[in-house]
Amino acid sequence: MEDKRPSWSSRVSFILAAVGSAVGLGNIWRFPYIMGQNGGAIFLVVYLLLIITICFIPLFAELAVGKITKKECVGAYESINPKFKLLGIMNPVTGILISSFYFIVGGWIINYIGLSFSNLKMFNFGEYFTELTQNSIPACGLTLAFLLICIFFTARGVKKGIEFANNVLMPMFAVILLGLIAFSLSLPNSHLGLEYMFKPDFSKVNAHMFLAALGQALFTLSIGMGALLTYGSYIKDDKSITKSTYTIIFSDTLFALLAGIMIFPAIFSFGLEPNSGAGLVFVTLPHIFAQIPHGEIVSLAFFVLLLAAAVTSGISILEVPVASMTERMKISRTKACTILFFIIAAFAIPATLSFGILGDFKIFGKNIFDCLDFVTSNLLMPLNAFFLCIIAGWFLKIKGNSFINNKFVAFLFDIGLKFVVPIILLLLLYIGLRA
Ligand code: TRP
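Residues numbered from 1 in each chain as written. Predicted model: local features only at pLDDT ≥ 70, side-chain atom pairs only at ≥ 80, totals over all residues. Heavy atoms only, no water.

Visitor: Looking at this structure, I do not really get unusual backbone geometry. What am I missing?
Guide: Glycine aside, residues mostly have negative phi angles, and peptide bonds mostly take the trans form. Backbone geometry at Lys 70 places phi at a positive 55 degrees, although glycine is not the residue there. Along the chain, Lys 70 turns up in the loop between helix 3 (41-69) and helix 4 (73-80). (Helix = DSSP H or I, 4+ residues; strand = E, 2+ residues; numbered from the N terminus.)

Visitor: I keep staring at the site of the ligand and nothing clicks. Help me out?
Guide: The ligand sits among 17 residues. The nearest are Ala 22, Gly 26, Tyr 102, Phe 219 and Ser 222. Ala 22 is positioned with one of its backbone polar atoms (N or O) 2.9 Å from an oxygen atom of the ligand. A distance of 3.0 Å separates an oxygen atom of the ligand from a polar atom in the backbone of Leu 25. Taking 360 Å² as the accessible area of the ligand by itself, protein coverage stands at 100%. Under a 2 Å grid-point criterion requiring more than half of the atoms, the pocket assigned to the ligand is the largest cavity. Taken together, the residues of the shell around the ligand sort by class into nine nonpolar, eight polar and no charged. (Near = heavy atom within 4 Å. Polar contact = N/O pair within 3.5 Å; in protein donor to acceptor, adjacent residues only side chain to side chain. Areas by Shrake-Rupley, 256 points an atom, 1.4 Å probe, with all protein chains shown as cover. 1 Å grid on protein atoms, 1.4 Å probe; cavity = no way out; pocket = protein on both sides within 12 Å on 5 of 7 lines; lining within 4 Å. Sits in = over half its atoms within 2 Å of the grid points. Nonpolar A, V, L, I, M, F, W, Y, C, P; charged D, E, K, R; others polar.)

Visitor: Just checking my understanding: could you explain the nonpolar core for this structure?
Guide: Generally speaking, nonpolar side chains in soluble globular proteins are found buried as a group. In this structure, Phe 282, Phe 302 and Phe 303 are the most contacted members of the largest nonpolar core, which totals 156 residues. Ignoring sequence-local partners within four residues, the contact set of Phe 303 consists of Ile 109, Tyr 112, Ile 113, Ser 116, Val 281, Phe 282, Pro 286 and Phe 289. (Core = buried A, V, L, I, M, F, W, Y, C linked by side-chain atoms within 4.5 Å. Buried < 20%, exposed > 50% of the residue type's maximum accessible area, 1.4 Å probe, protein only. Contact = heavy atoms within 4.5 Å.)

Visitor: I would appreciate a short explanation of the pattern of salt bridges in the present structure.
Guide: Applying the stated criterion to the full structure yields five salt bridges. Two residues, Glu 78 and Arg 328, come together in a salt bridge whose shortest N-O distance is 3.0 Å. Linking Glu 78 in helix 4 with Arg 328 in helix 14 (residues 295-329), this pair joins segments that are 250 residues apart in sequence. We classify Glu 78 as partly exposed; its relative accessible area is 25%. Through salt bridges with shared partners, one network takes in Glu 72, Glu 78 and Arg 328. (Salt bridge = Lys/Arg side-chain N within 4 Å of Asp/Glu carboxyl O.)

Visitor: For this particular structure, what's the right way to read the packing of helix 5 (residues 85-115) against helix 15 (residues 333-353)?
Guide: Packed helices, taken two at a time, are described by their axes: the angle between them and the distance between them. The geometry of helix 5 relative to helix 15 is characterised by a closest axis approach of 8 Å and an angle of 55 degrees between their N-to-C directions. For the element pair helix 5 / helix 15, the angle class is oblique. Crossing hand, helix 5 versus helix 15: right-handed. Within the contact between the two elements, helix 5 uses Ile 96, Leu 97, Ser 99, Ser 100 and Ile 104 and helix 15 uses Leu 340, Ile 343, Ile 344, Phe 347, Ala 348, Ala 351 and Thr 352. Tallied by class, residues from the contact of helix 5 with helix 15 come to nine nonpolar, three polar and no charged. (Axes fitted to C-alpha atoms, helices over the stretch in contact; angles between N-to-C directions. Parallel < 35°, antiparallel > 145°, perpendicular 65-115°, else oblique. Left-handed = near helix turned anticlockwise from the far one by under 90°.)

Visitor: Got a minute to help me understand helix 14 in this structure?
Guide: Each α-helix winds once per 3.6 residues, and so residues spaced three or four apart point in a common direction. Taking 1.5 Å as the rise per residue, helix 14 with 35 residues should run 51 Å; its terminal C-alpha atoms sit 50 Å apart, in good agreement. Where helix 14 bends most, the angle comes to about 30 degrees, and this point is Glu 319, followed within four residues by the proline Pro 321. By the criterion of burial, helix 14 is predominantly enclosed, with 27 of the 35 residues buried. Phi turns positive one or two residues past the end of helix 14, at Lys 330, with a value near 55 degrees. (Expected span 1.5 Å × (residues − 1). Bend = angle between axes of the 7 residues up to and from the residue.)

Visitor: Quick question: what am I supposed to make of the packing of aromatic side chains here?
Guide: Two aromatic rings are characterised by how far apart their centres lie and by the angle between their planes. Summed over all chains, the structure comprises 41 aromatic pairs. Ring centres 6.2 Å apart and planes at 45 degrees place the aromatic pair Trp 8 and Phe 14 in the tilted group. We classify Trp 8 as buried; its relative accessible area is 3%. Among the residues examined, Phe 14 registers a relative accessible area of 1% and is labelled buried. One Lys or Arg, Arg 30, reaches over the ring of Phe 219 and ends 5.2 Å from the middle of that ring. Over the ring of Phe 374 we find Lys 366, and its NZ or CZ is 4.6 Å from the ring centre. (Phe/Tyr/Trp six-rings, centres within 6.5 Å; stacked < 30°, edge-to-face > 60°. Lys NZ or Arg CZ within 6 Å of the ring centre and 35° of its normal.)

Visitor: Sorry, what's going on with empty space enclosed by the protein here?
Guide: To locate leftover empty space, one rolls a probe as large as a water molecule over the atoms. In this structure the tally under the stated criterion is three cavities of 30 Å³ or more. Counted as a void, the largest cavity has a volume near 160 Å³. Lining of the largest cavity is provided by 18 residues; of these, Ser 21, Tyr 102, Phe 219, Ser 222 and Ile 317 occupy positions nearest its centre. Every element with two or more residues in the lining of the largest cavity is listed here: helix 1 (11-22), helix 2 (25-37), helix 5, helix 10 (207-220) and helix 14. (Points joined across faces, edges and corners; volume = space filled by probe spheres on them.)

Have a look at this one:
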């Protein structure tokens, strides 16, 4: 049993892990398709604006609460005021719910890695993907396989598991991504994809786009579930976390842009539609891979890349409940991970089956998968982020000058943390609830 709290072996390890948490399916699977559905370059402008003006505040606050309290989420909230305990508990609960659908997508990736070893020309990927998701037993097997991979790293602990996974997988991820970008840009007419990404059409601005951009920004930066709080609590030096905040935001945005530069030129080069939704990576891209020479190798590289990114994010989601369980219930990591495996499986299996035999089972008109996605992204994450800002701003009294020396920026930070960000999050919640 660990009686001493774990900590990072170095700053670099912390930053790699935090970037590993942020960069995931949100960047490579979700970002391009949400951008494709929301008008391309103009969505990018809104998204970047929101990140620069708003999202850095809860991100910094989350890291700061972890670093100051040196506790997992529940203990951190409780130490600020025992009344906040329940709000703290919402973080690991949200983590369990997010993992239940995030890990399903992870399972699909494992399947596509296997698929890359067969002749891609034989498939109609639209039908293939539908069949894959509907085929109950293999689909559950894939979800559980992905869960096991992430649990394995989490169970090994912060230094041996989480750091190791990030130190190996993140650089590998970057190399494969650059290779695929070079390939995508070498395709004929690739400039059309770049134009789609970078030439905004301001006539397409609408309210829904702001909501989609904010939701995407929170999700991709891992805000609103205590993952950064937990990672922040493992920092042992007392250097400022301002630079870490910049690094996380910069890297996450860079990886999202690179993912776009990898995907859109290929889509335009093949005359496909960028707005095909969640199937973009699982239907549209394999369709492209099937048409190019040695497409199987490109496909393998791509899905290995996606798996690496998903695993480093998956372990950060798991770390939140694991940290809470080990520290509060005083059980070993292995035991916590075993219990967690069964809890997540209990949610993830029905969610996996909601594409197949449980397809008719609807909650508020949504199947279980969509319901989990909706409840976490549109309700719980904004709600958790809201309470975090209120607690950090009003009760822990985190000040802008702990973020930056510049008085004016520090002032804006304070206003943002105490008023602007909470109000915007409430607005997001309100609109989300009406949707
Ligand atoms: N940010 C990750 C991604 O882009 C997903 C993720 C990891 C996450 N940890 C999180 C999302 C915590 C919300 C909260 O794929």
